Amino acid sequence: MDRVFHSVTLDKDKCKGCINCMKHCPTEAIRVREGKAKIITERCIDCGACIRICHNRAKKAICDDFEMINNFEYKVVLAPPSLYGQFLVDDINYILTALKNIGFDSVFEVSTAAEKVSHLTRESLNQLRACTDGPIISSACTAILRLIKVRFPDLCNSVLPITEPIHIAAQMAKDEAVRETRLPPEKIGIFFISPCPAKVTSCKSPVGGTKSLIDGVFSVNDVYVRLLAALKKVDVPEQLMRSGIVGINWAQSGGECAGLLTDNYIYADGMENVIKVLEEIEDGKLPDTEFVELSACPGGCVGGVLNVANPFVARSRISALRRYLPLMLNRGISDATNMFWEQNLQFETIFRLDENREEAMRKMRRLKAIESMLPGLDCGACGAPTCRALAEDIVCGNATIEECVFKTVTDKKNAEVMDDK
Amino acid sequence: MNETLKYVYEVDGSDFMSAGVASADVKKNLKMLGFSGDLIKKVSIAMYEGEINMVIHANGGIATVEVSDDCVSIVLADKGPGIEDIELAMSEGYSTAPDRIRALGFGAGMGLPNMKKYCDEFKIETELGVGTTVYMKVYNS
Ligand SMILES: Nc1ncnc2c1ncn2[C@@H]1O[C@H](COP(=O)(O)OP(=O)(O)OP(=O)(O)O)[C@@H](O)[C@H]1O
Ligand code: SF4
Ligand SMILES: [Mg+2]
């Protein structure tokens, strides 16, 4: 397992033990035990669905403390294109200038790296497709990468083996800063403002053997107020923008596809939809599709759960901002070798009942027997998301059948009937 | 180990939208048992096609799946109209699916040929007016 860090966590004091998050988790990674939600770390893909659904705001993403930027002599912030939709401005340069004014020495747009990824994908798509059946799947959404790693073993080799744009941006930003300041690299801090817990996790421990150069990561929510205040004070913005429509489009679902200049693609957003598409690919039902872009969040990264603005409002703001921009400003893939992953996605077998087949079969037999004793209501009162999940927990030694309220009640009633007789 | 795991599904012929549920469940179980992606793919495609055929052409039936360490066997039994000419039905492109089914993307006449292609053993027994039973086996190589 290449994961050492994990962003989504529970605020125990705020958790009331309702079962909302458990019911909405796409990987069944949450249980409610002793009145509090509990995250099964290995299963969590940091998609943030639980943060989105929790009315008590008890689920949160662990980020860094903003003051940590002061540990570095020169500070560079990476701005994702989804950030542009958070504010009502008529020029992206306002936002980039305001970012400098809240404490950074320079800003670097992630969209510049995204344009390079678009270019490289276009160049390598045919070659990649020749090596696998079916479409190539985007590697842009970290939550989807984690999902494939735990649930779709067969698709690990169909994922575009190109590093996520933030890490390419980090490399470009660092090189540039070293060149310009002549400071030793360790004195230069690279920071990211994240729309989602998945990207926070990616900054701390990326997939694909990539090494993260990002020193600190903050949520949009964390910097929003400061940034809004700074924005109001910008009179004449500096001209800092260096990317075009292709890069900025990555903020929303379908944007990466649009940059490929082919029609033969599919894009889907929202976990439930994404899982359906992955199932189809896995069953070989999309043999002719060239590329599939999948985003965990509804609408793509503008729908990221750490954002502040309504995703639909953000999307329309971005459409307005990109009007009259050049198509793309970053090509140059001379440094392409650094953009590919060192290794393909590695499957993690956490959903297997057992590594040993014989033992797995034995557990499956028990699971079936237990499942047939449960009422099939999927009510969640036992603290597991479905009756089947409780049965799984029982055979894996993580729960007992007494946890099922209905089973316990009916057993008791039956016992009483017996007594009466 | 010779003990097998047995799953029995009633495939409802009146509810077209639930077609494919049984094969999806089998796929999930095989994944949890740690079978190879290759075997899972073969089983899911073959069973899916057979399941859909029972719904479209035979008004439903019973799917029985037995899993052992070295083999997955699938038996799809229906009490539908039967198949008049098996050889013809097995040929690529032959289909009697009505238009309303074709509108949903089925009816290419590729189901039976694909089932045969993805299975290691494949057999059909059919009798007009009585029903059809398809026997399939995929070995864990
Ligand atoms: N269980 C069955 N009972 C009766 N007839 C069947 C059954 N299965 C298949 N057939 C007949 O065999 C024909 C060919 O089946 P096949 O699965 O190859 O194609 P299809 O179902 O018509 O189309 P497709 O599977 O490509 O969507 C069917 O059109 C139907 O006439
Ligand atoms: S769609 Fe974007 S914002 Fe949402 S989890 Fe994926 S990378 Fe993060
Ligand atoms: Mg068919």
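Owing to the predicted nature of the structure, the values given are computational and were not obtained by experimental measurement.

1. Brief notes about the domain arrangement of chain A
All names here are of chain A. Domain parsing of chain A yields domain 1 (1-62), domain 2 (66-339) and domain 3 (356-421). Each of domain 1 and domain 2 has a C-alpha centre, and these two points are 24 Å apart. Taken together, the contact between domain 1 and domain 2 spans 19 residues of the former and 25 residues of the latter. Counting every contact that joins domain 1 to domain 2 gives zero salt bridges. The tally of links from domain 1 across to domain 2 stands at five residue pairs in polar contact (both at pLDDT 80 or more).

2. Here's the deal with the packing of helix α13 (residues 357-373) of chain A against helix α14 (residues 387-395) of chain A
Describing two packed helices takes the angle between their axes plus the distance from one axis to the other. Residue and element names in this part refer to chain A. Interaxial distance between α13 and α14 falls to 9 Å at its minimum, and their mutual angle equals 135°. With respect to α14, the element α13 is oriented oblique. The handedness of the crossing between α13 and α14 comes out as right-handed. Every residue of α14 that contacts α13 at Lys363, Met364, Arg366, Leu367, Ile370 and Glu371 is listed here: Arg388, Ala391, Glu392, Ile394 and Val395. Looking at side-chain class alone, the contact of α13 with α14 contains six nonpolar, no polar and five charged residues.

3. Remarks on the site of ligand 1
Residues and elements named next belong to chain B. Around ligand 1, 21 residues are found, and the nearest of them are His57, Ser95, Thr96, Gly107 and Met110. Contacts to ligand 1 include leucine 112, whose backbone N or O atom sits 2.9 Å from an oxygen atom. Look at ligand 1: alone it shows 600 Å² of surface, and the protein chains cover 94% of it. With four residues, helix α2 (residues 37-58) is the largest single contributor of residues to the shell around ligand 1. Residue classes in the shell around ligand 1 are distributed as 10 nonpolar, nine polar and two charged.

4. Considerations on α13(A)
All names here are of chain A. Taking 1.5 Å per residue, 17 residues should reach 24 Å; α13 reaches 24 Å between its end C-alpha atoms and fits that length. Taken together, the buried positions of α13 are occupied by Arg357, Ala360, Met361, Lys363, Met364, Leu367 and Ile370. Two or three places before glutamate 358, at the start of α13, stands the capping residue asparagine 356, its side-chain oxygen 2.8 Å from that residue's backbone nitrogen.

5. So, the pattern of salt bridges
For the structure shown, the criterion picks out 25 salt bridges over all chains. Its salt-bridge partner being A:Asp283, residue A:Lys285 comes within 3.9 Å of it at the nearest N-O pair. On the basis of relative accessible area, A:Lys285 is assigned to the partly exposed category, the value being 35%. Put simply, B:Lys42 and B:Asp38 hold a salt bridge, and the shortest N to O gap is 3.6 Å. Residue B:Lys42 and its partner B:Asp38 are both found in helix α2; the two are separated by four residues, about one turn of the helix. Connected through shared salt-bridge partners, A:Arg151, A:Glu279, A:Glu282, A:Asp283, A:Lys285, B:Lys27 and B:Lys31 make up one network.

6. What about the environment of A:Ser295?
Residue and element names in this part refer to chain A. Mapped onto the secondary structure, serine 295 falls in strand β11 (residues 291-295). Look at serine 295 and you get buried, because its relative accessible area is 9%. As a C-alpha pair, serine 295 and alanine 268 span 27 residues in sequence and 6.5 Å in three-dimensional space. Beyond its immediate sequence surroundings of up to four residues, serine 295 is in contact with Cys141, Ile144, Ser253, Ala268, Asp269, Gly270, Val274 and Gly300.

Cut-offs applied
- Residues numbered from 1 in each chain as written.
- Chains lettered and ligands numbered in written order.
- Predicted model: local features only at pLDDT ≥ 70, side-chain atom pairs only at ≥ 80, totals over all residues.
- Heavy atoms only, no water.
- Domains from an automatic or database assignment.
- Contact = heavy atoms within 4.5 Å.
- Salt bridge = Lys/Arg side-chain N within 4 Å of Asp/Glu carboxyl O.
- Polar contact = N/O pair within 3.5 Å; in protein donor to acceptor, adjacent residues only side chain to side chain.
- Axes fitted to C-alpha atoms, helices over the stretch in contact; angles between N-to-C directions.
- Helix = DSSP H or I, 4+ residues; strand = E, 2+ residues; numbered from the N terminus.
- Parallel < 35°, antiparallel > 145°, perpendicular 65-115°, else oblique.
- Left-handed = near helix turned anticlockwise from the far one by under 90°.
- Nonpolar A, V, L, I, M, F, W, Y, C, P; charged D, E, K, R; others polar.
- Near = heavy atom within 4 Å.
- Areas by Shrake-Rupley, 256 points an atom, 1.4 Å probe, with all protein chains shown as cover.
- Expected span 1.5 Å × (residues − 1).
- Buried < 20%, exposed > 50% of the residue type's maximum accessible area, 1.4 Å probe, protein only.

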